[in-house]
Every structure is written in structure tokens, then in C-alpha cells.
Amino acid sequence: ICPSAGPVLPDSSTLEAMDESIGRFPDESVDEFVHRTERYMAFMASLCISDLGPPLGLNHAWAWLATVLNLAPTWRQLPERSRLHLATCVETVLRICGPRLREAYGARGWPQLLALLEQETLAGGGDLLPDSPQGGSAPAKQRLATLVRKLAGGQ
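Bear in mind the structure is a predicted one, so any value in this text is a computation, not a measurement.

## Details of the packing of aromatic side chains
At step 1: Under the criterion given, the structure shown has 1 aromatic pair.
At step 2: Geometrically, the ring pair formed by Trp-62 and Tyr-105 is stacked, given 3.9 Å between the ring centres and 15° between the ring planes. With Trp-62 in helix H3 (residues 58-70) and Tyr-105 in helix H5 (residues 80-122), the pair connects residues that are 43 residues apart, well separated along the chain. The two residues Trp-62 and Tyr-105 agree in class, both being buried.

Shown next, in the form of C-alpha cells:
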């Protein structure tokens, strides 16, 4: 089970407790964890767009994205590696479910979701994914920005 599919708010009392609460193994590197989580989220997103029915459906992907974006102020308090994890999860769900979400929620909800995503993660005022001098979240931020522009353009 991937706690990020919840999504779960990490326990940030210590880095170790936070890592454990989001499912990172003690001997796992950040890159390994992010890649493993990306695969779990891709599986969850694939189930959301399948015709298998409950418990996961397109509405679950929509609710997951809304919950994550509504938690953005809390995520800002977390270390950059946790925000990198979040960006990867959001990018994965959008990449897989985005076209179907756009079809389902159309003119009513889709533009608002993309605007909130832009505001909270990508815009100059949004510091959820800062550009790190070490480049930690900068590539994730760039991938997410490219995907949001593509989805906003209807591609």
C-alpha cells in the first residue's frame, strides 16, 4: 500500500518519523523512494481511469488531487524531499488521468484545478516546489509545469 494514495499528511516531528509515515523504507534513498511511489501512483491512477468500477474511479483521482492541493499550505512546512515526493505524485496522477479528468469535469472544474495547481506549485508566489540550488525539486517543478501547460492547452 502506498500512503500517498490516501493522501496522508506526514508526521514531521522527525525526519525518520516523517519518512516512515509516507512509506519510505529506512534503507531506501530518496530517488528510490520517489520512483517506487511513482509506480504505485501510476497503478492507482490507472485503476481510476479503468472501467473496473468501485472503489476507485475518476472521482477518486479528482478528490485525491483536490485534497493534495488543499493541503498545500501544510506541505510548505515539510523538507524539500517531501515536496519532491508530492510533485512526483501529482505529476503522475495528472499524466495518467488528466485527459479523462478534462473530459469529465470540462469547463466547470478543470480550469479551476489547473489554476490552483499553477498558483500553489508553479507561480512565482507558490513556494510548494521551490527551485533548489542543488536542483532537487527544480526538475520535478519543470516536468509539472510542462504537463500543466500541455493539459491547459487541451492536448
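Next comes the rest of the write-up.
## Some words on the packing of helix H2 (residues 30-49) against H3
At step 1: Relative to each other, H2 and H3 sit at 135°, their axes nearing to 6 Å. The angle between H2 and H3 falls in the class oblique. From H2, Met-41, Met-44, Cys-48 and Ile-49 reach across to H3, where they touch Leu-58, His-60, Ala-61 and Trp-64.
At step 2: Class assignment of the residues belonging to the contact of H2 with H3 gives a composition of 7 nonpolar, 1 polar and no charged.

## Let's talk about the pattern of salt bridges
At step 1: Evaluation of the coordinates by the stated rule reveals 3 salt bridges.
At step 2: Linking Glu-91 and Arg-95 is a salt bridge whose minimum nitrogen-to-oxygen distance equals 3.3 Å. With Glu-91 and Arg-95 both in helix H5, this residue pair falls 4 residues apart, about one helical turn.
At step 3: Each of Glu-38, Glu-91 and Arg-95 takes part in salt bridges that share partners, so that together they form one network.

## Digging into the nonpolar core
At step 1: Core analysis: the largest hydrophobic core is formed by 33 residues, its most contacted members being Trp-64, Val-90, Leu-94 and Leu-101.
At step 2: Of all the secondary structure elements, the ones that give two or more residues to this core are H2, H3, H5 and helix H6 (138-152).
At step 3: With 13 residues, the top contributor of residues to this core is H5.
At step 4: Apart from residues lying up to four places away in sequence, Leu-101 is in contact with Leu-58, Ala-61, Trp-62, Leu-65, Gly-106 and Trp-110.

## Here's the deal with the environment of Ala-145
At step 1: Residue placement: Ala-145 occurs in helix H6.
At step 2: Between the C-alpha atom of Ala-145 and that of Glu-118, which follows or precedes it by 27 residues, the distance is 7.8 Å.

## Focus on the side chain of Arg-36
At step 1: Among the secondary structure elements, Arg-36 is positioned in helix H2.
At step 2: Side-chain polar atoms of Arg-36 contact the side chain of Glu-28, separated by 2.8 Å.

Quick notes on the rules
- Throughout this description, residue numbers start from 1 for each chain and increase along the sequence as written.
- Note on the predicted model: pLDDT of at least 70 is required for a residue's local features to be given, and 80 or more for side-chain atom pairs to be given and counted; whole-chain, interface and lining totals, by contrast, use all residues.
- Note that water and hydrogens are dropped before the side-chain values are worked out from all heavy atoms of the structure.
- When two rings of Phe, Tyr or Trp (its six-membered ring) have centres within 6.5 Å they constitute a pair, described as stacked for plane angles under 30 degrees, edge-to-face for angles over 60, and tilted for the intermediate range.
- Going along the chain from the N terminus, every DSSP run of H or I of four or more residues is numbered as a helix, and every run of E of two or more is numbered as a strand.
- Using a 1.4 Å probe on the protein chains alone, a residue whose accessible area is under 20% of its type maximum counts as buried, one over 50% counts as exposed, and one in between counts as partly exposed.
- Axis definition: a line fit to C-alpha positions, over the contact stretch in the case of helices; interaxial angles, taken between N-to-C directions, run 0 to 180 degrees.
- By the definition adopted for this analysis, an angle is roughly parallel if under 35 degrees, roughly antiparallel if over 145, roughly perpendicular if from 65 to 115, and oblique otherwise.
- Any pair of residues with heavy atoms lying within 4.5 Å of one another is described as a contacting pair.
- By the convention adopted, Pro, Cys, Tyr, Trp, Phe, Met, Ile, Leu, Val and Ala count as nonpolar, Lys, Arg, Asp and Glu as charged, and the other residues, Gly among them, as polar.
- A pairing counts as a salt bridge when a side-chain nitrogen of Lys or Arg comes within 4 Å of a carboxyl oxygen of Asp or Glu.
- Within this scheme, the nonpolar core is defined by two criteria: the residues are buried Ala, Val, Leu, Ile, Met, Phe, Trp, Tyr or Cys, and they are joined through side-chain atoms within 4.5 Å.
- A 3.5 Å cut-off defines polar contacts: any pair of N or O atoms within that distance qualifies, except that in protein one atom must be a possible hydrogen donor and the other a possible acceptor, and neighbouring residues in sequence count only when both atoms are side-chain atoms.

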